[in-house]
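As a plain string of letters, each chain reads:
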Amino acid sequence: MPTAMEIYKLLPKKNCGECKFPTCLAFAMQLANQKVALEACPYVSPESKTILEESGAPPIRLVSFGLGGEPLKIGDETQLFRHDKTFYHPTVLGVIADDSEGLDRMKAKMEAAKAAAFERVGQRIRIDAVAVRHSSGSPQDFLEGVRHAAAMTFPVILMTEDPKLMAEALAMCTASKPLLWRATPQNLDAMVNVAKACAFPLAIGGAGSLDELSQLADKAKKAGVVDIVLDPGDSSAGKMLETLTIIRRAAVKKKFRPLGYPTMSVLGESVEDRMKAALGVMKYSSIVLMKEMPPESAYPLMTLRQNIFTDPQVPIQVKPGMYTVGEPNEKSPVLFTTNFSLTYFTVRADVEKSKIPVWLLVVDTDGQSVMTSFAAGKLTPESVAALIESEKVKEKSTRNEIVIPGMVSRMSGKLNELTGMKIVVGPRESSGLPKMLKSVAG
Amino acid sequence: MAFDVPKERFAGKIREAVIGATREQGGTRRSSLVVGGSGGLPMHRFESEVPHTPLVVMDVVDTPRVVPEVLQASMGPIVKDPVEWAKKCEKEWGSDALLLRLQSANPEEENRPVEQCEALFRDVLKATTLPMFVYGCGFEEKDAKLMEAISNAGRGERLFLGLAEEKAFKSLAAASMATGHGIVAFSNLDINLAKQMNILLLDFGVKPENIIMDPLMAALGMGLEYSYSVMERLRQGALSGDPVLQMPIICDASCAWGVPDAVEDDPRKGNVLQRGTNWEAITAYSAVVAGADLVIMRNPASVALFKQAVKDLAGGA
Ligand code: B12
Ligand code: SF4
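Predicted, not measured: the structure shown is a model, and the values here were computed from it.

Draft legend 1. Region of the structure containing the interface of chain A and chain B. Counting residues at the interface gives 49 residues for chain A, matched by 48 residues for chain B. Summed over both partners, the interface of chain A with chain B comes to about 4400 Å²; 65% of that surface belongs to carbon and sulfur atoms. Counting every contact that joins chain A to chain B gives five salt bridges. Measuring nitrogen to oxygen at the nearest pair gives 2.9 Å for the salt bridge that ties Lys283(A) to Glu232(B). At the junction of chain A and chain B, the tally comes to 19 residue pairs in polar contact (both at pLDDT 80 or more). Elements with a contribution of two residues or more to the side of chain A that touches chain B: strand S4 (117-120), helix H8 (210-222), helix H9 (237-252), helix H10 (271-282), helix H11 (295-308) and helix H12 (341-354) of chain A. Residue contributions to the side of chain A that touches chain B peak at 10 residues, all from H11(A). Looking at the side of chain A that touches chain B, its residues break down into 25 nonpolar, 10 polar and 14 charged.

Draft legend 2. Focus on the pattern of salt bridges. Tallying each qualifying case throughout the model produces 39 salt bridges over all chains. With its nearest N and O atoms 2.6 Å apart, the salt bridge here joins Glu8(B) to Lys253(A). Of the two residues, Glu8(B) sits in the segment before strand S1 (16-19) while Lys253(A) sits in the loop between H9 and strand S11 (264-266), which places them in two different chains. Among the ionic pairs, Arg29(B) bridges to Glu157(B), the shortest N-O distance being 3.4 Å. Note that Arg29(B) is positioned in the loop between S1 and strand S2 (33-36) and Glu157(B) in the loop between helix H4 (140-153) and strand S6 (160-164), a separation of 128 residues in sequence. On the accessibility criterion, Glu157(B) (4% relative accessible area) is buried. Connected through shared salt-bridge partners, Arg120(A), Asp261(B), Glu264(B), Asp266(B) and Lys269(B) make up one network.

Draft legend 3. Looking closely at the pairing of strand S12 (residues 287-290) of chain A. Residues and elements named next belong to chain A. With burial as the criterion, each face of S12 is covered, one bearing Ile287 and Leu289 and the other bearing Val288 and Met290. Inspection of the sheet shows strand S3 (residues 92-98) paired to S12 by four bridges, in the parallel sense. Looking at the pairing, Gly94 lines up with Leu289 of S12. Here S11 runs beside S12; their pairing, made up of three bridges, is parallel. Paired with Ser265 across the strands is Val288, a residue of S12. Between the parallel elements S11 and S12, the chain passes through H10 in a crossover that is right-handed.

Draft legend 4. The arrangement of the site of ligand 2 in detail. Taken together, Pro12(A), Lys14(A), Asn15(A), Cys16(A), Gly17(A), Glu18(A), Cys19(A), Cys24(A), Phe27(A), Cys41(A) and Pro42(A) make up the full set of residues near ligand 2. The residue inventory of the shell around ligand 2, partitioned by class, reads seven nonpolar, two polar and two charged.

Draft legend 5. Just the domain arrangement of chain A, in detail. Each assigned domain of chain A is listed here: domain 1 (4-56), domain 2 (63-309) and domain 3 (321-441). The distance between the C-alpha centroids of domain 2 of chain A and domain 3 of chain A comes to 45 Å.

Draft legend 6. Main features of the nonpolar core. In this structure, Leu180(A), Trp85(B), Leu201(B), Tyr285(B) and Val295(B) are the most contacted members of the largest nonpolar core, which totals 168 residues. A total of nine residues in this core trace back to one element, the largest contributor, which is helix H9 (residues 272-290) of chain B. Residues contacting Trp85(B), with those up to four places away along its chain left out, are Asp59(B), Val60(B), Val61(B), Val67(B), Met75(B), Ile78(B), Val79(B) and Trp93(B). Leu387(A), Ile388(A), Ile404(A) and Leu415(A) belong to the second-largest nonpolar core, a separate cluster that totals 21 residues.

Draft legend 7. Region of the structure containing the site of ligand 1. Neighbouring ligand 1 are 36 residues, the closest being Thr337(A), Thr343(A), Ser369(A), Val370(A) and Asn188(B). More than one chain lines the surroundings of ligand 1; the residues nearby belong to chains A and B. The contact in question runs from an oxygen atom of ligand 1 to an N or O atom on the side chain of Thr343(A), over 2.7 Å. Counting only elements with at least two residues in the shell around ligand 1, the list comes to strand S14 (334-338), H12, helix H13 (370-375) and strand S16 (401-404) of chain A. Tallied by class, residues from the shell around ligand 1 come to 22 nonpolar, 10 polar and four charged.

Draft legend 8. Region of interest: the environment of Gly40(B). All names here are of chain B. As for its placement among the helices and strands, Gly40 is situated in the loop between S2 and strand S3 (55-61). Classification of Gly40 by relative accessible area gives buried; the value is 0%. Considering only alpha carbons, one finds Gly40 and Pro6, 34 residues apart in sequence, at a separation of 14 Å. With near-sequence residues (within four places) excluded, Gly40 lies in contact with Phe10, Ser48, Arg235 and Leu239.

Draft legend 9. Summary view of the packing of aromatic side chains. All names here are of chain A. According to the stated counting rule, one finds 10 aromatic pairs over all chains in the structure shown. Ring geometry for Phe87 and Phe309: centres 5.8 Å apart, planes at 55 degrees, overall tilted. With Phe87 in the loop between strand S2 (72-74) and S3 and Phe309 in the loop between H11 and strand S13 (321-325), this pair connects stretches of sequence that are 222 residues apart. Just as Phe87 is buried, Phe309 falls in that class too.

About the thresholds
- Residues numbered from 1 in each chain as written.
- Chains lettered and ligands numbered in written order.
- Predicted model: local features only at pLDDT ≥ 70, side-chain atom pairs only at ≥ 80, totals over all residues.
- Heavy atoms only, no water.
- Contact = heavy atoms within 4.5 Å.
- Buried area = accessible area lost by both parts, 1.4 Å probe.
- Salt bridge = Lys/Arg side-chain N within 4 Å of Asp/Glu carboxyl O.
- Polar contact = N/O pair within 3.5 Å; in protein donor to acceptor, adjacent residues only side chain to side chain.
- Helix = DSSP H or I, 4+ residues; strand = E, 2+ residues; numbered from the N terminus.
- Nonpolar A, V, L, I, M, F, W, Y, C, P; charged D, E, K, R; others polar.
- Buried < 20%, exposed > 50% of the residue type's maximum accessible area, 1.4 Å probe, protein only.
- Pairing = 2+ DSSP bridges.
- Right-handed = clockwise from strand over helix to strand, strands pointing away.
- Near = heavy atom within 4 Å.
- Domains from an automatic or database assignment.
- Core = buried A, V, L, I, M, F, W, Y, C linked by side-chain atoms within 4.5 Å.
- Phe/Tyr/Trp six-rings, centres within 6.5 Å; stacked < 30°, edge-to-face > 60°.

See below:
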């Protein structure tokens, strides 16, 4: 954001008051604090307006593509390190269906990608997009693939460097706002025209250096393409770390506009590529596309993405209170755990395995695990007893006993004293719960 | 607008640590290893010197109870024979160094006597030529005696002994100081605690080049993000010139095998062993991207994957 003085210099300096502020300077100060909109002054010149809008824009442009309903959003990052604030827009993971593989294989890959969705610690994680690519196969297969992707109502990336074929393909999936890959030094003008006509985001790549890439992006922008994605196309992981780091730094620290766009990494299927995908998630790829994403590699990759894009200040947590597993009654056992999502969902999954209905009391620990919150004094016999009271546990289950995590066996005595309930020390790992619950309930 | 490549320079530098001693150096290892030494962000070869690429320390545990079933099945019966296990790490699996975990000394489990543990250590030492780390069982009283015995039995080998913790480091530090070994300084996911641990050791008289830090690696899906950020911050603190944070970092990625997501049978998430393999490799790789100089790993397939990836990461600039 520019300062009040920088803004002031660009205002008409008429001090006419029509903006409802006595002077242009007063208006500039409000603008700098984002309290008013520039439109309130009827006299700003179009040139000043452009300059001001530009300088107020985020360092990395927010680009969205994919379905109208729930578009994928990438870019708009402000940090180099997640601990400085947070990373906002998780890396989009996509699978490439290439027409050289034949139509059947392409379709199978797309279906598999769409099906690869999971619940993990209460969040939905999945493969987010399919990329339909024309390489050595027939353009007919490519277009058929695009038609299939469009019918799947799943975010699509169209991959061809042939502007004519691109125009044909995008006409088949306009409703899903695809990302177009890509403009290169060879086809820039024609591809830019295609992108401009549909106003879909355009990936730019094939440059020999970052300098050239920034020039291509600048050219595309001047020609009227606003949503750009940069594809530096690196040969090795080391090079990828280098270019993506430099792009992020140039955008965030230097506000270098021609590189102020989201990035993408188009990978193959080698062992190195599998780990490059992980590098992309950690180090600044907004989109990672891979030729193969079998679940045994996709699932850990999605988990990594979930970890890296968690807000460092706020752990993923669930609401404290009384939860049920199955349909417990007054004879069912009562267990307690913490409201850290990871803890809660791990315990819940293990209880479900036992097939025994239980009351699961979730204690507020500010989203910390059992041992962390116990060591930090956030999980105490007092806090557990208070929740037992407020959730009327004794009315729900008349067993007058509670199963506690094995790791906090030390709180047994005090908790018994405070509640009068019998304390049953559970296993240290909730994986031991099914066995134990069977004996407790049986 | 001409493009001016933004590069970063730092005042500080990570210290080098030497692990293992050859015959000429008074030990019996085939070579000694050097870790650390970088003057920049992790693997940022395009702007700083990275003299040593991160190394793999495969672990050998003296009781198979800690090795999950999927892995026991793929590693074979050697998990019941630590000496054979160690030999495989060296000869077949390409480990750079070894970590012998004397878990069975645990008084609440096998409670194996110190003499037996020492004998096992001697056997492993004799059967292998890789530089070695040796960890106790985590019970202070037992470890005091155990690590003293190991430290004497390994005189001249320049072992790294662990784990030194805030409330339990004196006996370990004394033992290693007397025999010239290094120490692994454990702290709990907190940059200030890591610093505190190093200060305690330095004040006790341990030389800075004899310390490697373990800031606790939480596995993928189990709080990895905390470890990742603590390491990034440790590294930045070191580079900005804080001498008490300039020790190399070791991370234990074998914890990946304790993650339910990684080892549970769920066909929707793909082949278990391959998923677990990726899980450990990604845990180790993320540690390196965040700043680790060494990683502890268990599964040979994960080691192969990790090594190839690190080579690719080192090859770019
Ligand atoms: C990630 C982590 C953190 C994160 C917090 C993450 C979070 N949101 O909770 C951060 C970095 C913030 C952190 C901080 C600290 N941590 Co911490 N942390 C960990 C770590 C690596 C993982 C914890 C985790 O998420 N586990 C996974 C969850 C699922 O485990 P869980 O909640 O315990 O649940 C399991 C069992 O308890 C059981 N269970 C749970 N509920 C129930 C219910 C029933 C009925 C039953 C039967 C079983 C059961 O089953 C679950 C699955 O097995 C562990 C070490 C490790 N590898 O375990 C240390 C650890 C828990 N931390 C520890 C400590 C000491 C701390 C600090 C106090 C350090 C310090 N001095 O600053 C601080 C406290 C912070 C504060 N002041 O607020 C110690 C605890 C030591 C002890 N024995 O008391 C540990 C064990 C590390 C160690 N080895 O020293 N920590
Ligand atoms: S309306 Fe415009 S010209 Fe008039 S005072 Fe406000 S800012 Fe100045």
